Amino acid sequence: MTESVTTRISKLKDHVGQEVTIRGWLYNRRSSGKIQFLQIRDGTGIVQGVLVKKEVPEHLFESSDLIPRESSIEIRGTVREDSRAPGGFELSLLEVSVIQAAEEYPITKQAHGPDFLLSNRHLWIRSRKQHATLMVRDEILKATRDFFYDREFVCVDSPIFTPAACEGTTTLFEVDYFDEKAYLTQSGQLYNEAACMAFGKVYCFGPTFRAEKSKTRKHLTEFWMVEPEVAFADLDDIMDLAEEYVAYLVARVLERRTAELKVLERDLAPLEKVVPPFPRISYADGVKMIKEKGEPWEEGGDFGAPHEEIISAAHDRPVLVHRFPADIKAFYMKRDPEDRTLSLSVDMIAPEGGGEIVGGGQREHDLETLRKEIQKQELPEEPLAWYLDLRKYGSVPHGGFGLGIERTVGWICGSPHVRETIPFPRMMHRTYP
Ligand code: 4AD
Ligand code: MG
């Protein structure tokens, strides 16, 4: 190819009037006999290249008309500003060369079923909406690192192989670990509690695993969780932190990913309302709302999807629901000194049917109370001996929460299912690709 700068589509604005080379893939094409519009994507965006029959050599016009979709190509052209073009720029093409001519691409414009798309997830992620969703996910991950770094939290990652359950034994994935049994982690929380006694304010961020048999649009068997943990924090501090963090994530996406939200046809108005303070209601208040709506309700139970729906529909921001019955929460929850049947727990329910995106609370920091709870829940004490140690050597009130990345991305993007918010979803009947 002749001299021109090699650049990426996101940088075209710096090259107006110049000749550039772009390497990418043929996303789509339209042509009439006299003019061809080639849409080229390179991972940073899509740009339209225009070939006018009477302005280019005949062989170029003819050969480029035959390039199959998703072929890898290199193009050279002059950058033109064009307010009608998506992205604001167009290329007048001078050269198109094929790196590899693709076979017939399986994903077409016609509607495909979810199974077909999931089996082709390795290709589906090239599609516009999938690409946009994963770009928003990337922004949320970057914003998470910035948020915690700016507030002096230290990232102390927790192990994936663990000896004990954190969130109940029914969803544990068991692994043969040489001559022993280990479990894939359900949450890094217990290790975070150790880490916050060493660093004060910490977070971990990694994949977590649950053998979820529920086939809802909010459950994966492998999902990513961000979990901060803070020494000398009580339930109110934890609610403040969760509120500030979630508002920060939404603001960052609104600031930096508007193009992607547009591709996703996301209504921005509800997102723009996500500013503190978020409403805070007790579990008891939530139950009252559910009963008033006449929704079936089992006394003392946990909220299901229809119950979350009622609570979220009554508010225009995420709702913090606190003080769930201790009986339906994990062994580590601190009891409410005002009413010992309750726990100092909190869930955050996202607006617009986003469901529970955050779960957390204050931890029991008294050795004997914690030990009794472990016995009561019939959990083996031995693998938790180290955890009990934390209550022997300088125990302090502390707390934290976990935010599910996929549900958060799903809510912010308006995705139909969390499986679209993770590059390669793992669900009950899916480990391919
Ligand atoms: O409410 P959960 O179970 O809380 C914990 O695991 C605590 N130990 C966290 C902590 O305090 N450090 O899970 C936290 C969040 C949920 O609110 C939800 O967003 C997400 O993790 N989550 C799932 N996301 C996708 N698929 C699943 N199967 C999920 N289970 C939980
Ligand atoms: Mg929960």
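Residues numbered from 1 in each chain as written. Chains lettered and ligands numbered in written order. Predicted model: local features only at pLDDT ≥ 70, side-chain atom pairs only at ≥ 80, totals over all residues. Heavy atoms only, no water.

Draft legend 1. Inspection of the packing of helix α6 (residues 235–256) against helix α13 (residues 405–413) at higher detail. Where α6 contacts α13, the axes come no closer than 11 Å and their chain directions differ by 50°. Accordingly, the angle class assigned to the pair α6 and α13 is oblique. Taken as a pair, α6 and α13 cross one another with a handedness that is right-handed. Mapping the contact onto sequence places Val246, Leu249, Val250 and Val253 in α6 and Thr408, Trp411 and Ile412 in α13. (Axes fitted to C-alpha atoms, helices over the stretch in contact; angles between N-to-C directions. Helix = DSSP H or I, 4+ residues; strand = E, 2+ residues; numbered from the N terminus. Parallel < 35°, antiparallel > 145°, perpendicular 65-115°, else oblique. Left-handed = near helix turned anticlockwise from the far one by under 90°. Contact = heavy atoms within 4.5 Å.)

Draft legend 2. Here's a closer look at the sheet that holds strand β14 (residues 319–322). Reading across from one edge, β7-β11-β12-β19-β18-β17-β14-β13 is the order of the eight strands in this open sheet, with mixed pairing throughout. Among the strands making up the open sheet, the edge pair consists of β7 (154–155) and β13 (280–282). Note that β14 and strand β17 (residues 345–350) share four bridges and pair antiparallel. The partner of Leu320 across the bridge, within β17, is Met348. Strands β13, β14, β17 and β18 (355–362) of the sheet are contacted by helix α10 (residues 305–313), whose axis makes an angle of about 75° with β17. (Pairing = 2+ DSSP bridges.)

Draft legend 3. Up close: the sheet that holds strand β10 (residues 180–184). Strands sit in the order β8-β10-β9 across an open sheet of three strands; the sheet is antiparallel. Strand pairing shows two members of the sheet lacking a second neighbour, β8 (161–162) and β9 (174–177), which therefore form its edges. As judged from the two bridges shared by β8 and β10, these two strands associate in the antiparallel manner. Considered in β10, the bridge of Phe161 is made with Leu184.

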